[in-house]
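What follows is each chain in one-letter form.
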Amino acid sequence: MNLKKIMADLEAKHPGESEYLQAVQEVLESIEDVYNKHPEFEKAKIVERLVEPDRIFTFRVTWVNDKGEVCTNLGYRVQFNAALGAYKGGLRFHKAVNVSMLKFLGFEQIFKNSLTNLPLGGGKGGSDFDPVGKSDEEIMRFCQAFMYELWRNIGPDQDSPAGDVGVGGREIGYLYGAYKKLAREHSTGALTGKSYGWGGSLIRPEATGFGAIYYVERMVKEQKDTMKGKKIALSGFGNVAWGAAIKATELGAKVVAISGPDGVCEIKNGITKDMIDYMLEMRASNRNKVEDMATKFPKLAKFTAGKKAWSVKCDIACPCAFQNEMDEKDAKELIKNGVKYVAEVSNMGCQPKAIAAIQKAKIPFAPGKAVNAGGVATSGLEICQNAGHINWTAEEVDVKLHKIMNDIYDMCVEYGKQKDGSINYVKGANIAGFMRVAKAMLAQGII
Ligand code: GLU
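Residues numbered from 1 in each chain as written. Predicted model: local features only at pLDDT ≥ 70, side-chain atom pairs only at ≥ 80, totals over all residues. Heavy atoms only, no water.

Caption draft 1: Seen up close, the overall build of the protein chain. Within the protein chain one finds 17 helices and 12 strands. A compact globule built from 447 residues should have a C-alpha radius of gyration of about 22 Å, and the protein chain, at 21 Å, falls within 12% of that. Overall size of the protein chain, expressed as C-alpha extent along the three principal axes, is 60 × 60 × 45 Å. Split into buried and exposed, the 447 residues of the protein chain put 58% on the buried side. Of all intrachain contacts in the protein chain linking residues separated by at least 6 positions in sequence, the fraction that spans at least 24 positions is 72%. (Helix = DSSP H or I, 4+ residues; strand = E, 2+ residues; numbered from the N terminus. Rg over C-alpha atoms; globule rule 2.2 N^0.38 Å. Buried < 20%, exposed > 50% of the residue type's maximum accessible area, 1.4 Å probe, protein only. Contact = heavy atoms within 4.5 Å.)

Caption draft 2: The arrangement of the side chain of Lys247 in detail. Considering the arrangement of structural elements, one finds Lys247 in helix 9 (residues 239-250). By relative accessible area, Lys247 is classed as buried at 5%. Of note is the side chain of Lys247, whose polar atom sits 3.2 Å from the side chain of Tyr214. Aside from chain neighbours lying at most four places away, what touches Lys247 is Phe210, Ile213, Tyr214 and Asp398. (Polar contact = N/O pair within 3.5 Å; in protein donor to acceptor, adjacent residues only side chain to side chain.)

Caption draft 3: Broad picture of the sheet that holds strand 9 (residues 302-305). Spatially, 9-8-7-6-10-11-12 is the arrangement adopted by the 7 strands of the open sheet, whose pairing is mixed. Each edge of the sheet is formed by a strand with only one pairing partner; in this case those strands are strand 9 and strand 12 (365-366). In terms of strand pairing, strand 11 (residues 341-343) meets strand 12 through 2 bridges, oriented parallel. Pairing of Ala343 across the sheet is with Ala366, part of strand 12. (Pairing = 2+ DSSP bridges.)

Caption draft 4: Structural detail: the site of the ligand. Neighbouring residues of the ligand: 14 residues in total, closest Lys88, Lys112, Gly163, Asp164 and Ser379. With the chains in place, 93% of the 300 Å² that the ligand exposes on its own is no longer accessible. Where the shell around the ligand is concerned, the elements lending two or more residues are strand 3 (87-93), helix 5 (99-115) and helix 15 (373-388). Tallied by class, residues from the shell around the ligand come to 2 nonpolar, 7 polar and 5 charged. (Near = heavy atom within 4 Å. Areas by Shrake-Rupley, 256 points an atom, 1.4 Å probe, with all protein chains shown as cover. Nonpolar A, V, L, I, M, F, W, Y, C, P; charged D, E, K, R; others polar.)

Caption draft 5: Representation of the nonpolar core within the structure. Counting 66 residues, the largest nonpolar core has Tyr215, Leu234, Ile258, Met293 and Ile408 as the members making the most contacts within it. Excluding residues within four positions of it along the chain, Tyr215 makes contact with Ala366, Ala370, Val371, Met405, Ile408, Tyr409, Cys412 and Tyr425. Membership of the second largest hydrophobic core comes to 41 residues, among which are Met1, Val97, Met348 and Ala438. (Core = buried A, V, L, I, M, F, W, Y, C linked by side-chain atoms within 4.5 Å.)

Caption draft 6: Broad picture of the layout of surface pockets. Its boundaries defined by the atoms lining it, the second largest pocket holds a volume of some 380 Å³. Residue lining of the second largest pocket: 15 residues in total, with Lys362, Pro364, Ser422, Ile423 and Asn424 positioned closest to the centre. Its residues placed into classes, the lining of the second largest pocket shows 5 nonpolar, 6 polar and 4 charged. (1 Å grid on protein atoms, 1.4 Å probe; cavity = no way out; pocket = protein on both sides within 12 Å on 5 of 7 lines; lining within 4 Å. Points joined across faces, edges and corners; volume = space filled by probe spheres on them.)

Caption draft 7: Structural context of the sheet that holds strand 3. Overall, mixed pairing links the 5 strands, which are arranged 1-2-4-3-5 in an open sheet. Only two strands of the sheet have a single neighbouring strand rather than two, namely strand 1 (55-64) and strand 5 (159-162). Adjacent strand axes in the sheet meet at a mean angle of 20 degrees, parallel and antiparallel pairs treated alike. Helix 6 (residues 136-150) contacts strand 1, strand 2 (70-81), strand 3, strand 4 (122-127) and strand 5 of the sheet and is inclined by roughly 140 degrees relative to strand 1. (Axes fitted to C-alpha atoms, helices over the stretch in contact; angles between N-to-C directions.)

Caption draft 8: How the structure looks around the environment of Thr208. Turning to its location among the elements, Thr208 is positioned in helix 8 (residues 204-222). Along the chain, Thr208 and Ser346 lie 138 residues apart, while their C-alpha atoms are 9.7 Å from each other. When sequence neighbours within four positions are dropped, the list of residues in contact with Thr208 reads Val240, Val345, Val371, Asn372, Gly374 and Gly375.

Here it is in structure tokens:
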């Protein structure tokens, strides 16, 4: 593989798609050595094919707001790669959504889904619709308008979207209602993250956060260390941070920070059950303000405007919000404050220079595509239940999720073990995820 040439060609073809190019660069750098040992990959031009999505749908979404005004947004679905199964990946509703963001997320999703060892291809979608400040009715009307366009291109054996930033159980409900009416069939596997009782899986809401902490627990054990008493800083306060806070607390760690676009809440004595429950209300309010936690619990949480979670002293740092949310300066501040582990839970949550600084300081660092794979894995388990018309108990789902995370961790170690005995989790995740996809593409011919 000629990495420089591939990147130069991609930059010329897709100028300005910075997140997408960043994600491709990171993966190709990690797999280069292994790839070059497989001339059959080069012959079939696996990398050149893998970096371009199979197709991208772009569509207009027009809806009416509460004032009766007509609003238009853009909707997208990137169907990236289906070597391992039907396209699978979330929908993101955020004002900054564009093709570059969804291509980066779709590209990452290919390898993440591969790591789960389930039959899931990679896709992603969303809209530049901004849910902040929108009423429940506006959210519903937007979701319905979005589905008018998308419904023909999804289905359990074609493409199965789920939630992501700005899309949770409520949005999936409205999206599924519209899908069912348009498609005139109850194909529950066409969307995952549904509520329990009409096709949803128990533990799916918690899964990304639970899975992440299962992975972190293994990283900690690897160093002959324990989760007990560890201080954890989480960024964000959405679904992912919520699940991580529950599991971390259950394992005896202390969540000492959560954050939002407005600043950080420091929680000296560790987050409590009431505070964790309140995170759900904060998300449902669509205010997007972490300060609300300190207003509700003034004795337990201290809000500082404009600061990130990484300003709080911690042992474990877990970005749970958005891509590139940790920069080099943040990483250096964490290192100075004695951080012992960094695990991305958001997709590409750390900038390349932040990762380099953490790795240089010999602090174990794990990438989002491995750490957060529990979410999509449990979506895969939801599809299994839908196909079999059955519901598993919470315990049954959790046991399967835990096993999948343990297997992902083991694969990352297998492929990421370095000569000096340290583990490069980034390399491990990328190589392990890539190999499965590449072998499937090879077997399925030049298509
Ligand atoms: N959006 C989540 C992710 O980044 C979940 C996707 C899914 O469940 O399909 O993996």
